[in-house]
Amino acid sequence: MTKKVDQQSADNIRALAVAMVEKANSGHPGGPMGGADFMHILYSEFFNYDPTDMEWAFRDRFFMDAGHLSTLMYAQYYLLGNYAKDDVANFRQWGSITPGHPEVDVKRGIENTSGPLGQGHTMGVGAAIAAKFLQARFGDWMNHKIYGFISDGGIQEEISQGAGRIAGHLGLNNFIMFFDSNDIQLSTSTDEVTTEDTAKKYEAWGWKVITIDGHNHTEIRQALTDANNEKERPTLIIGKTIMGKGCVTADGSMFEGHCELHGQPIGHTGADYQKTLLNLGADVENPFDIFPEVASYYKTILEKKTAQAAQKKATIKAWREANKALSDKLDFFFSGKLPELDFSAVEHKAGLATRVASSNVLGYLADHVENMIVSSADLSNSDKTDGFLKKTTALKKGDFSGGFLQAGVAELTMACIANGIALHGGVIPVVATFFVFSDYMKPAIRLSGIQELPVKYIWTHDAFRVGEDGPTHQPVEQEAQIRLLEKLKNHSGKSSFLALRPSDSAETSVAWKMALENQDTPTGLILSRQGIKDIPSKTGSRYNQALEAKKGGYLVKEVENPDVVLIANGSEVSTLVAATEILEKENKLKVNIVSVISEGLFKQQSQTYQERIIPKNKPLFGLTAGLPVNLEGLVGEKGTVFGLDHFGYSAPASVLDDKFGFTGEKVSKEILNYLKAYNNK
């Protein structure tokens, strides 16, 4: 096709981006105007997908990092027929499908939610890892590409260090990223904040780096050709572009490359809205129209893409016919279903730390779940994900036959990669670190919740009993932070997160069962470092009793007409058991004990069930190794919670238990003091 229509197509994207922002009176027009040439060439000539089957599992995928450039995507996908004119005209409006930052919508081509800079391209790295993992199991015909798009801001975000390092180290040649290098940020030019050599940085990480004029279509084509032919490395295409490419003033003079064009309608800057539309070839009266020549060209593009996809599908069909068992397994992986699993078969010794019980479960899963990638932030022998690693091998360049990702010390990167693995599909991502370091992961955890991704988080060393490591390593406030997500609904109306803190080995097995069966939201398992005395079984199998944890909370000890109901989760449940032995023997009290593995899940049960387990007309005492707010919503106004209101200290765990009042004897005294005050009201 002629250069003229290519230029018209890019200018059409620019005009649409300008018009969307101007009508909304909100948005970022300058960047999309700079990136339009790359997007057009990528999608018209290189990007492989099926316009008639947008969720085709073996399509190329595009991961946007710079979510503020959403109009670039909406304009491009409008040309491809994924959006209607009214959709782009209602950019950023209530009820529209074109929000200010793109939200995952695979049927329209949006592979990931983005906005917080740095996370989008890191999710792309995760998708590339998933694709390599699957390719190693099903054959080289699975050769789709993952494309990323990053801006100056994303390059600067610290997470780019982890993403760049891991992608280069693993040799992800299926990952191709365009860096829209226009040297302009929201409030400054880039030379005011950095002097680093981006090309050398990525080359040092093991990337192929190509620097081009980001508006030269010939150079874009060659760069994408070279990137697609690369066999050993991920590719970074540095496209030198111009912020606000095509903007003009009222007198028709050029007004490009200015910082003010970044984050506001161009009509609020030195540029003129109508003259810019005219300069780009748009109809001022109908700015949301697709240019006639462009519409005709994109019709042929869609026909070509459909035909190419049909050829690829024919190749896949032939492979399926020749490899029936593998074909069935591939479909099973992408179905999201689980194989038959018997968690009761996982054996635990008495008194284990729940992290060790989790290790036993992971060893079982390594033998029974073939499409799982477990990752640890340089802690596999401490967070006990080595239970999985011992049954497999680590992923490495040229060999993705294993199932363990050694992420290094990069918790946020690791969590974002897990989100990308989940978005790709076909693979179950699990990530692990110490609970206190969930602080590093919060931005990615939040996007897990927003995107409704079934990522499994393992957090060990769950309380002040980390001991000698001191306050920096003792999670006190982390559980309260994570449980807030159980109170926050996602756009499907469900709790955005499932947080599980099991009380012993049996509950840990059940927690893993709950985590794997939860495919609607992310799940976190909060696990102990220290050994925990197993909860006595009321009758029969402790595991069968622990299955009641699937309701979020249940009675681990029950008597008729109790004098007090004690509530906890995690290791504090066994402390309540110890306290109860004293209360029953010395004070002749009748006591019920409730294990609430997840308050969010418990609150979803019927009111009848909730009140049977935690009756409002009884004294309610909660025990938590974190902030009292963890349980205050369960004990109500008449109840009380004994917890911490201070950071930890460096000392052996047993000493801290005594000093902080978390022994059976000291907790029993706290309960007696509470009952005295309760009965005197």
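Residues numbered from 1 in each chain as written. Predicted model: local features only at pLDDT ≥ 70, side-chain atom pairs only at ≥ 80, totals over all residues. Heavy atoms only, no water.

## Structural notes on the pairing of strand 3 (residues 175-181)
1) Next: The buried fraction of strand 3 is high, at seven of seven residues.
2) Next: Here strand 3 shows two buried faces, one formed by F175, M177, F179 and S181 and the other by I176, F178 and D180.
3) Next: Of the pairings in the sheet, the one linking strand 3 to strand 5 (residues 235-240) comprises six bridges and is parallel in character. Its bridge partner being in strand 5, S181 is matched across the sheet by K240. (Buried < 20%, exposed > 50% of the residue type's maximum accessible area, 1.4 Å probe, protein only. Helix = DSSP H or I, 4+ residues; strand = E, 2+ residues; numbered from the N terminus. Pairing = 2+ DSSP bridges.)

## Some words on helix 20 (residues 572-587)
1) Next: Taking 1.5 Å per residue, 16 residues should reach 22 Å; helix 20 reaches 21 Å between its end C-alpha atoms and fits that length.
2) Next: Looking only at helix 20, the buried set comprises E572, V573, S574, T575, L576, V577, A579, T580 and L583.
3) Next: The elements touched by buried residues of helix 20 are strand 12 (553-557), strand 13 (564-568), strand 14 (591-596), strand 15 (620-623) and helix 25 (664-679). (Expected span 1.5 Å × (residues − 1). Contact = heavy atoms within 4.5 Å.)

## Quick look at the pairing of strand 6 (residues 372-376)
1) Next: Along strand 6, five of the five residues are buried, which leaves the element largely enclosed by surrounding structure.
2) Next: Alternating residues of strand 6 divide into M372, V374 and S376 and I373 and S375, and every residue in both groups is buried.
3) Next: Pairing between strand 6 and strand 8 (residues 428-434): five bridges, direction parallel. Bridge pairing in strand 8 links S376 to A432.
4) Next: Two elements, strand 6 and strand 7 (residues 404-406), share three bridges in a ladder whose sense is parallel. If you follow S376 over to strand 7, its bridge partner there is Q406.

## Quick notes on the sheet that holds strand 12
1) Next: Read across the open sheet, the five strands follow the order 12-14-13-15-16; overall the sheet is mixed. One side of each edge strand has no neighbouring strand; the edge strands of this open sheet are strand 12 and strand 16 (640-642). Recorded for the sheet is a direction-independent mean angle of 25° between the axes of neighbouring strands.
2) Next: Across four bridges, strand 12 lies against strand 14 in antiparallel orientation. Across the sheet, L555 pairs through a bridge with V594, a residue of strand 14. (Axes fitted to C-alpha atoms, helices over the stretch in contact; angles between N-to-C directions.)

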